[in-house]
Amino acid sequence: MKLLMLGGTEFVGRAVTEAALARGWQVTVFHRGRHAAPEGATALHGERGEAGPEGLAALRAGEWDAVVDTWSGAPSAVRDAARLLAGRVGRYAYVSSRSVYTYPAAYGLDEDGPLVAGSADAMDAEDYAAAKRGGELAALEAFGERALLVRAGLILGPYENIGRLPWWLGRIARGGPVLAPGPREMALQYIDVRDLAEWTLDALEAGLGGAYNLVSEVRHATMGELLESCVKVTGSDAELRWTAPEDVLAAGVEPWTELPVWLAPGELRDAMYGADVSRALATGLRCRPVAETVADTWAWLRSIGGVAPQRPDRPAVGLAAAKEAAVLR
């Protein structure tokens, strides 16, 4: 297989690129050139977004069996790339998001749920959900049934540049009492970035098209299993202080941003951690244990000096030490 990866040097794109190379695929990575492409990939440089079609000059020639696009900015960038490549590429996988479902997405919602409005021609990404839906529409407009829409939820694993699991690992590695937001048995639903990559490549090879919710089954892991795995892999003396959701909220602590991954009971948690993934499971989705995701993310963090990269377009996450201490007092 010949794969064109739009991006390919960070997080999801890097995981897809490395997985394809491991299969012996020929991989071309199109990116800005700010980070080195994985060894073995051919690199093409250009710009997307404000640069418009002119930024895609390096892609005006060449043929590929498939494209994977992780773009999360203005949908017009997906439109320009998809139109340019439609006649020279077999299939187009767009890594979208479960945010495209009308909020609040009901617990157990499958791929046929109601969707937000979006436009393939939108020039901005102020509304993340609308931008992702616009990207989907752009892929469908150019590729039709050859478009694969990968609707991911929470993504964790090595190379994470959002900071969620890296923050927990760093905090727990420091040791001492740790504010652990309860309940301990709270079910999580996420996907390891490498499992996303493998399923996406399998799907492209099998000629799949259409939309797929791509996260683990509900209750694949719990908040307790996630944090206890962090304690184990770091070898820390951290003491997890499980705290009731109402007490966490009463202390003014923000779910998701100050305490990454955690959501208090309610419609947001139901929407985020309640997807029906029957379609993906039926087409071969396999999700590794949470302990493996945590251990491999910790190994990667240590290999780069303990500080994860941070996407410039996303705010840093995590709870300030003084605020945590005040809650635990």
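Note on numbering: residues in each chain are counted from 1, in written sequence order. Confidence filtering applies because this is a predicted model: local features only for residues at pLDDT of at least 70, side-chain atom pairs given and counted only at 80 or more, and all residues used for totals across whole chains, interfaces and linings. Water and hydrogen atoms play no part in the side-chain values, which are based on all heavy atoms of the structure.

**Student:** Let's hear about the packing of helix H4 (residues 164-174) against helix H6 (residues 223-234): which residues, and what values?
**Tutor:** It is the contact of H4 with H6, at a shortest axis distance of 9 Å, that shows an interaxial angle of 55°. When the axes of H4 and H6 are compared, the pair comes out oblique. Relative to H6, H4 is oriented so that their crossing is right-handed. Contact with H4, carried on its side by Leu165, Trp168, Leu169, Ile172 and Ala173, involves Met223, Leu226, Leu227, Cys230, Val231, Val233 and Thr234 of H6 and no other residues of that element. Only Asp, Glu, Lys and Arg are considered charged in this grouping, and only Ala, Val, Leu, Ile, Met, Phe, Trp, Tyr, Cys and Pro are considered nonpolar; every other residue, Gly among them, is considered polar. In the contact of H4 with H6, the residues fall into eleven nonpolar, one polar and no charged. All axes here are fitted lines through C-alpha atoms, helices being fitted over the stretch that makes contact, and every angle between N-to-C directions spans 0 to 180 degrees. Here a strand is any run of E in DSSP of at least two residues, a helix any run of H or I of at least four, and the numbering for each starts at the N terminus. Each angle is binned into one of four classes, with values under 35 degrees roughly parallel, values over 145 roughly antiparallel, values of 65 to 115 roughly perpendicular, and all other values oblique. Should the near helix be turned counterclockwise from the far one by less than a right angle, the crossing is left-handed, whereas a clockwise turn marks it as right-handed. Only heavy atoms enter the contact rule, under which two residues are in contact if any of them lie within 4.5 Å.

**Student:** How would you summarise the packing of aromatic side chains if you had to cite specific residues and measurements?
**Tutor:** Note on ring pairs: Phe, Tyr and Trp rings are taken, using the six-membered ring of Trp, and paired if centres are within 6.5 Å. Classes follow the plane angle, with under 30 degrees stacked, over 60 edge-to-face and the rest tilted. Within this structure, the stated rule accounts for four aromatic pairs. For the ring pair Tyr92 and Phe143, a centre distance of 5.0 Å and an interplane angle of 40° mean the geometry is tilted. Taken together, the positions of Tyr92 in strand S5 (residues 89-97) and Phe143 in helix H3 (residues 128-143) put the pair 51 residues apart, joining distant regions of the chain. The two residues Tyr92 and Phe143 agree in class, both being buried. Both rings, one in Tyr159 and one in Trp300, keep their centres 6.0 Å apart while their planes meet at 75°; by these two values the pair is edge-to-face. Per-residue accessibility, obtained with a 1.4 Å probe over protein chains only, is compared with the maximum for each type, and a residue is labelled buried under 20%, exposed over 50%, and partly exposed between these values.

**Student:** Before we move on, can you summarise the nonpolar core with the specific residues and values?
**Tutor:** We define the nonpolar core as a collection of buried residues of types Ala, Val, Leu, Ile, Met, Phe, Trp, Tyr and Cys that are connected through side-chain atoms lying within 4.5 Å of one another. In this structure, Trp168 and Ile172 are the most contacted members of the largest nonpolar core, which totals 38 residues. The set of elements that each furnish at least two residues to this core consists of strand S7 (154-156), H4, strand S8 (177-181), H6 and helix H10 (290-303). Ranked by size, the runner-up nonpolar core spans 33 residues in total, among them Val68, Leu204, Tyr212 and Leu285.

**Student:** Account for the packing of helix H1 (residues 11-22) against helix H5 (residues 193-206), naming residues and giving values.
**Tutor:** At a closest axis distance of 8 Å, the pairing of H1 and H5 adopts a crossing angle of 55°. For the element pair H1 / H5, the angle class is oblique. As for how H1 packs across H5, the hand of that crossing is right-handed. Mapping the contact onto sequence places Phe11, Val12, Ala15, Val16, Ala19 and Ala20 in H1 and Val193, Leu196, Ala197, Glu198 and Leu201 in H5. The class makeup of the residues in the contact of H1 with H5 is ten nonpolar, no polar and one charged.

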